[in-house]
Amino acid sequence: MTRADRPSSAEPPPGAPQPERRGRREPAADRPALHADVTITRGTHRVEAAFDAVPGHPLAVIGPNGAGKSTLLAAIAGLVPIDSGSVRIGDRDVDRLPPERRRIGVLFQDYVLFPHLTVRDNVAFAARMRGSRHAARAAAEPWLERYGLVPLADRLPAELSGGQAQRVALARALAAEPEVLLLDEPMSALDVELRHEMRAELARHVREFGGATVVVTHSRADAAALADRVLVLEDGRVTQRGTLAELGAAPATAYVRRMLATPDDDER
Amino acid sequence: MTTRPASPSAPRRGLGRSHGGLAWPVAVLAVIALAVLVLPLVALVVRAPWGELGDLLTRRSVLEALVLSLGTAIVATGVCLVLGVPLAALLARAAAWPSPARRLLRAAVTVPLVLPPVVGGIALLLLLGRRGLLGGLLEDLFGITVPFTTGAVVIAQVFVALPFLVFAVEGALRSTDRRTELAAATLGASRWQVFRHVTLPLVAPGVAAGAVLCFTRALGEFGATITFAGSLPGVTRTLPIASYLAMQTDPDEAIALALLLLAVSVGVLLLLRDRWLPGVRG
């Protein structure tokens, strides 16, 4: 974890191809925002939401179980089809593109690492899709260093703890150099005791990423640590938006009031 | 059930435990079943003409049959892999289809599995024979005659062995987590790359197990082969057919051929079990 604190301009090892932009973060202003305005039907459920996510200001989508938060995220990533609306990144229309061409990184709920690949090859996966195994492994090296994964590089996902798996999944997603990062319930697969610590670490990585970020959660603590604006989704509809303080000052629904009053599992 | 162990953790003793807790009729029948499986092989090994085995196995007719059998079974396994893995992928994907289409597809793969191989051979003749559904066309247009060629042996083997591979791979596909494929897509993998780098490696043990089943099934193929491909020495006379024919004229050669088949089958099993077939490891 201390390694992740190294300056973000850490140089790749000598001999490794110089990755473009890798390890360096541009000012947030240069990075495109995410504009989403979508309607999705899944079975009998319908989800409708419109929002912008601006670089440097992560947005939390918060709501009760079954509200359609994960469906919304999957639709933005291109993993489920939208009925109507649009998804734009900067001035790029991506809603007709397949997921592999959207440049949207996803941190899945229980990370979904590739079980047959080592930590190194998981992190190298995106680069491997564009080039040789050798080049991909070299390109993964700075990411392994940045996320403190060098000692784990040859392990398989089954040999990792929850916190380590999360770090690998995040490194894997960010090594693809996405323009937008989506996080789906990032803490739910972790032990309660670990959440507090991992949340702070994840918040730091999200800040370092610097691009447009959306985090789906049902936890107020996640929203407080990872995002600075909140969108409340209940039963497929947006019921409130603002900062947590604004929500607290004037909760729009009973759910918002309850959510703000109930301590999270790991805060008791 | 009037007496019970003093505590749930106390070891249970008594007559019932002495032979694994099976009722005696079950135990007796199980032993008979085992005898049915093992005794014939014991007889084969005991009565084999070990002294002349060297001579028998180097006969030209035996070597011809061995080379032909290994060659055709390997090619047939290759064909089954190339065609069967995609069919398994289709079948796994079809789980989401409407029921009539899904059932038809499944039946099409299952029927050859339960069909007597001779029926398969006759069916293949009616398709690819000179007056067959496609055979006439092939002969008129390209001058190709399929039956009674080495190619026909391979086709017969593929017909009987393909379902084994398809079902083995389909089972493996169904038990993989579809979300790994979605994750790969968000990392820039095209559909083909997802298949190549994620799906295929994840089902590799299923593919290998299917290929072993497929190979052994192809190696032992008799009924469809003799019906559709005949028994031309060096061309279509595979080990099982040669063994069957030798039984009428030279039983010692037949036994030698049978031993050879047994050795190849067991050899394949031993070779691959540790790596790919944890299920058959003792």
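Residues numbered from 1 in each chain as written. Chains lettered and ligands numbered in written order. Predicted model: local features only at pLDDT ≥ 70, side-chain atom pairs only at ≥ 80, totals over all residues. Heavy atoms only, no water.

As recorded in an unreviewed UniProt entry, chain A goes by the name ATP-binding cassette domain-containing protein, listed as coming from Agromyces bracchium.

### Considerations on the packing of aromatic side chains
Residues and elements named next belong to chain A. A complete count under the given rule lists four aromatic pairs over all chains for this structure. Ring plane angle 35 degrees and centroid distance 4.4 Å describe the contact between Phe-114 and Phe-125, whose orientation is recorded as tilted. Here Phe-125 lies in helix H3 (residues 125-130) and Phe-114 lies in the loop between strand E6 (104-107) and helix H2 (119-123), a separation of eleven residues in the sequence. The exposure class assigned to Phe-114 is buried, which follows from its relative accessible area of 0%. With relative accessibility at 2%, the residue Phe-125 sits in the buried group. A cation over a ring is seen here: Arg-31 above Phe-209, with NZ or CZ 5.2 Å from the ring centre. Over the aromatic face of Phe-114 sits the side chain of Arg-172, whose NZ or CZ is 4.6 Å from the ring centroid. (Phe/Tyr/Trp six-rings, centres within 6.5 Å; stacked < 30°, edge-to-face > 60°. Helix = DSSP H or I, 4+ residues; strand = E, 2+ residues; numbered from the N terminus. Buried < 20%, exposed > 50% of the residue type's maximum accessible area, 1.4 Å probe, protein only. Lys NZ or Arg CZ within 6 Å of the ring centre and 35° of its normal.)

### Details of the sheet that holds strand E5 (residues 92-93) of chain A
All names here are of chain A. Pairing is antiparallel in the open sheet, where four strands are placed in the order E2-E1-E4-E5. Of all strands in the sheet, those bounded by a partner on one side alone are strand E2 (45-53) and E5. By the bridge criterion, nine bridges tie strand E1 (residues 34-42) to E2 in an arrangement that is antiparallel. In the sheet register, Thr-39 faces E2, and the bridge partner there is Glu-48. Strands in contact with helix H1 (residues 69-77) are E1, E2 and strand E4 (84-89); relative to E1, the strand with the most contacts, it is inclined by about 115 degrees. (Pairing = 2+ DSSP bridges. Contact = heavy atoms within 4.5 Å. Axes fitted to C-alpha atoms, helices over the stretch in contact; angles between N-to-C directions.)

### Things to note about the sheet that holds E6 of chain A
Residue and element names in this part refer to chain A. Spatially, E6-E7-E8-E3-E9-E10 is the arrangement adopted by the six strands of the open sheet, whose pairing is mixed. Edge positions in the sheet fall to E6 and strand E10 (237-242), since each of these pairs with one other strand and no more. Across this sheet, the average inter-strand angle for adjacent strands is 20 degrees, counted without regard to direction. Pairing between strand E3 (residues 59-62) and strand E9 (residues 229-234): four bridges, direction parallel. Within the sheet, the bridge partner assigned to Val-61 lies in E9 and is Leu-231. Where helix H6 (residues 192-209) meets the sheet, it contacts E6, strand E7 (180-184) and strand E8 (212-217), and its direction lies at approximately 160 degrees from that of E7. The strands touched by helix H9 (residues 254-261) within the sheet are E3, E9 and E10, with E9 carrying the most contacts at an inclination of about 125 degrees.

### Let's talk about the pattern of salt bridges
Applying the stated criterion across every chain yields a total of 20 salt bridges over all chains. Arg-217 of chain B is paired through a salt bridge with Glu-221 of chain B; the nearest N and O atoms lie 3.9 Å apart. Under the relative-accessibility criterion, Glu-221 of chain B is labelled buried at 1%. Each of Arg-46, Glu-48 and Arg-237 of chain A takes part in salt bridges that share partners, so that together they form one network. (Salt bridge = Lys/Arg side-chain N within 4 Å of Asp/Glu carboxyl O.)

### Considering helix H4 (residues 133-146) of chain A
All names here are of chain A. With 14 residues, H4 should reach 20 Å at 1.5 Å per residue; the first-to-last C-alpha distance of 20 Å fits that figure. The sharpest bend along H4 comes to roughly 30 degrees, located at Ala-140, with the proline Pro-142 sitting one to four residues further on. Of all 14 residues that make up H4, ten are buried, and the element is covered over most of its length. Where H4 is concerned, the buried positions are Ala-136, Ala-138, Ala-139, Ala-140, Glu-141, Pro-142, Trp-143, Leu-144, Glu-145 and Arg-146. Buried residues along H4 sit in contact with H2, H3, helix H5 (162-175) and H6. Looking at the residues trailing H4, positive phi occurs at Gly-148, about 65 degrees. (Expected span 1.5 Å × (residues − 1). Bend = angle between axes of the 7 residues up to and from the residue.)

### As for the pairing of E10 of chain A
Residues and elements named next belong to chain A. As defined by bridge partners, E9 adjoins E10 across five bridges and the pair is classed as antiparallel. Looking at E10, one finds that Leu-231 is bridged to Arg-241. Where E9 folds back onto E10 in an antiparallel hairpin, the turn is made up of two residues, including Asp-235, whose phi is positive at roughly 50 degrees.

### Notes on the interface of chain B and chain A
With 18 residues of chain B at the interface, the matching set in chain A holds 19 residues. Summed over both partners, the interface of chain B with chain A comes to about 1,700 Å²; 71% of that surface belongs to carbon and sulfur atoms. Counting the surface chain B buries against chain A, the share from its top three residues, Thr-186, Leu-187 and His-197 of chain B, is 39%. Of the charged contacts, one joins Asp-110 of chain A and Arg-179 of chain B as a salt bridge, the two residues approaching to 2.9 Å between their closest N and O atoms. Elements represented by at least two residues in the side of chain B that touches chain A include exactly helix H9 (178-186) and helix H10 (191-219) of chain B. (Buried area = accessible area lost by both parts, 1.4 Å probe.)

### As for the domain arrangement of chain A
How large an interface is tends to be reported as the accessible area lost when its parts come together. Residue and element names in this part refer to chain A. Along its sequence, chain A is carved into domain 1 (34-113 + 162-169 + 177-261) and domain 2 (116-159). Summarising the inter-unit geometry, the C-alpha centres of domain 1 and domain 2 are found 26 Å apart. Facing the six residues of domain 1 at the interface are eleven residues of domain 2. Both sides together, the interface formed by domain 1 and domain 2 hides about 790 Å², and carbon and sulfur atoms give 64% of it. (Domains from an automatic or database assignment.)

### Points about the confidence of the model for chain A
In the predicted model, chain A carries a mean pLDDT of 87, and the fraction of residues at 70 or more is 88%. Per-element confidence in chain A is highest for H2 of chain A, whose mean pLDDT is 97, and lowest for H6 of chain A, whose mean pLDDT is 89. (pLDDT = per-residue confidence, 0-100.)

### Some details on the packing of helix H4 (residues 60-93) of chain B against helix H8 (residues 150-174) of chain B
Residues and elements named next belong to chain B. Contact pair H4 / H8: the axes reach a minimum separation of 6 Å and the direction vectors enclose 40 degrees. Classed by the angle they form, the pair H4 and H8 counts as oblique. Crossing of H4 over H8 shows right-handed handedness. Considered class by class, the residues forming the contact of H4 with H8 number 23 nonpolar, four polar and one charged. (Parallel < 35°, antiparallel > 145°, perpendicular 65-115°, else oblique. Left-handed = near helix turned anticlockwise from the far one by under 90°. Nonpolar A, V, L, I, M, F, W, Y, C, P; charged D, E, K, R; others polar.)

### What to know about the environment of Leu-104 of chain B
Residue and element names in this part refer to chain B. Structurally, Leu-104 can be placed in helix H5 (residues 99-114). Residue classification places Leu-104 among the exposed positions, given a relative accessible area of 63%. Each C-alpha atom, one on Leu-104 and one on Leu-91, is 11 Å from the other, the two residues being 13 residues apart in sequence.

### What about the nonpolar core?
Looking at soluble globular proteins, one finds that nonpolar side chains tend to be buried together. All names here are of chain A. Core analysis: the largest hydrophobic core is formed by 46 residues, its most contacted members being Val-123, Leu-149 and Leu-202. By residue number, the principal contributor to this core is H5, which donates eight residues. Formed jointly, this core draws a minimum of three residues from each of two domains, domain 1 (34-113 + 162-169 + 177-261) and domain 2 (116-159). Not counting residues up to four positions away in its chain, the partners in contact with Val-123 are Ala-140, Trp-143, Leu-144, Leu-149, Val-168, Ala-171, Arg-172 and Ala-175. (Core = buried A, V, L, I, M, F, W, Y, C linked by side-chain atoms within 4.5 Å.)

### Quick word on the environment of Leu-81 of chain B
Residue and element names in this part refer to chain B. As for its placement among the helices and strands, Leu-81 is situated in helix H4. A sequence separation of 139 residues divides Leu-81 from Gly-220, and the C-alpha atoms of the two residues are 18 Å apart. Beyond its immediate sequence surroundings of up to four residues, Leu-81 is in contact with Pro-86, Leu-165, Val-207 and Ala-211.

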